[in-house]
Every structure is written in C-alpha cells, then in structure tokens.
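# A structural walkthrough
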Amino acid sequence: HHLLLAGIATSGVVLSTLREAADKDYQLTVLSDLCADPDAEVHSVLLEKVFPRQAAVISSEQWIQEIVK
C-alpha cells in the first residue's frame, strides 16, 4: 500500500499519520508544497530532516510528473 500525505498541520496530523503509517509498513510520499504549519522552523525540520527517514518528500509537481509517465 502507498499513502500520499498532505495537510495543514505538518507537526500534527501529517507527522502522526506518517508515523502510524510507517509502523504499518505503508510506502509513503509527502507532498511538501501541500503541507503547512504555523511554525515555519518546525515545518522545515520535519520536511528536510525527519520525514525523509520514512517517506519520499517531493513537490506536487514532481508527483504529477511521476504519475503521468
């Protein structure tokens, strides 16, 4: 199974969903430009340092390019 993640709370719902899905062995992709968080620094750390350990972190444009191939 493959799960595509985006959301308005990078440090909340996106993070907790990513952790749960990773624990359940889902293949994960986070759409970086479709995530937001009130704390820009936390948002950046999650997208650049934390999420890449368990998911592909790409833009929505990159994802569209991949599925159109």
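Up top is the structure these notes are about.
If you're wondering where the values come from, they're calculated on a predicted model, not measured in any experiment.

Moving on, we come to the side chain of Asp37. For Asp37, the position within the fold is in the loop between β2 (27-35) and α2 (40-50). Polar side-chain contacts of Asp37 include one of 3.4 Å to the backbone nitrogen of Thr10. For Asp37, the side chain forms a polar contact with the main-chain nitrogen of Asp39, separated by 3.0 Å.

Right, let's get into helix α1 (residues 10-23). Taking 1.5 Å of rise per residue, 14 residues should cover 20 Å, and α1 covers 18 Å from first to last C-alpha, within 8% of that figure. Of the residues making up α1, those classed as buried are Thr10, Val14, Leu18, Ala21 and Ala22. Mapping the buried residues of α1 onto a view down its axis gives an arc of 100°, with all of them on the same face. Turned more than 90 degrees away from the buried face of α1 sit Val13 and Asp23, all of them exposed. Where α1 is buried, its residues contact β1 (2-7), β2 and α2. Just downstream of α1, Asp25 is the residue with a positive phi angle, here 65°.

Okay, the pattern of salt bridges next. For the structure on display, the rule yields one salt bridge. A salt bridge links Glu20 to Lys24; the shortest N-O distance between them is 2.8 Å. Relative accessible area serves as the criterion here: at 52%, Lys24 is assigned to the exposed category.

Note that β1 and β2 share five bridges and pair parallel. Paired with Leu5 across the bridge in β2 is Val30. Considered for its hand, the β-α-β crossover made up of β1, α1 and β2 is right-handed. Here β2 pairs with strand β3 (residues 56-58) via three bridges, running parallel. From the neighbouring strand, Thr29 faces β3, where its bridge partner is Ala56.

The next subject is the side chain of Ser60. Along the chain, Ser60 falls in helix α3 (residues 60-68). Setting aside residues no more than four positions away along its own chain, Ser60 makes contact with Leu31, Asp33 and Leu34.

What follows concerns the sheet that holds β3. The strand order across the open sheet built from three strands is β1-β2-β3, with neighbouring strands paired in parallel fashion. The sheet terminates laterally at β1 and β3, the two strands that pair on one side only. Averaged over all neighbouring strand pairs, the angle between strand axes comes to 25°, with direction disregarded.

The rules we used
Residues numbered from 1 in each chain as written. Predicted model: local features only at pLDDT ≥ 70, side-chain atom pairs only at ≥ 80, totals over all residues. Heavy atoms only, no water. Helix = DSSP H or I, 4+ residues; strand = E, 2+ residues; numbered from the N terminus. Polar contact = N/O pair within 3.5 Å; in protein donor to acceptor, adjacent residues only side chain to side chain. Expected span 1.5 Å × (residues − 1). Buried < 20%, exposed > 50% of the residue type's maximum accessible area, 1.4 Å probe, protein only. Arc of directions from axis to C-beta. Contact = heavy atoms within 4.5 Å. Salt bridge = Lys/Arg side-chain N within 4 Å of Asp/Glu carboxyl O. Pairing = 2+ DSSP bridges. Right-handed = clockwise from strand over helix to strand, strands pointing away. Axes fitted to C-alpha atoms, helices over the stretch in contact; angles between N-to-C directions.

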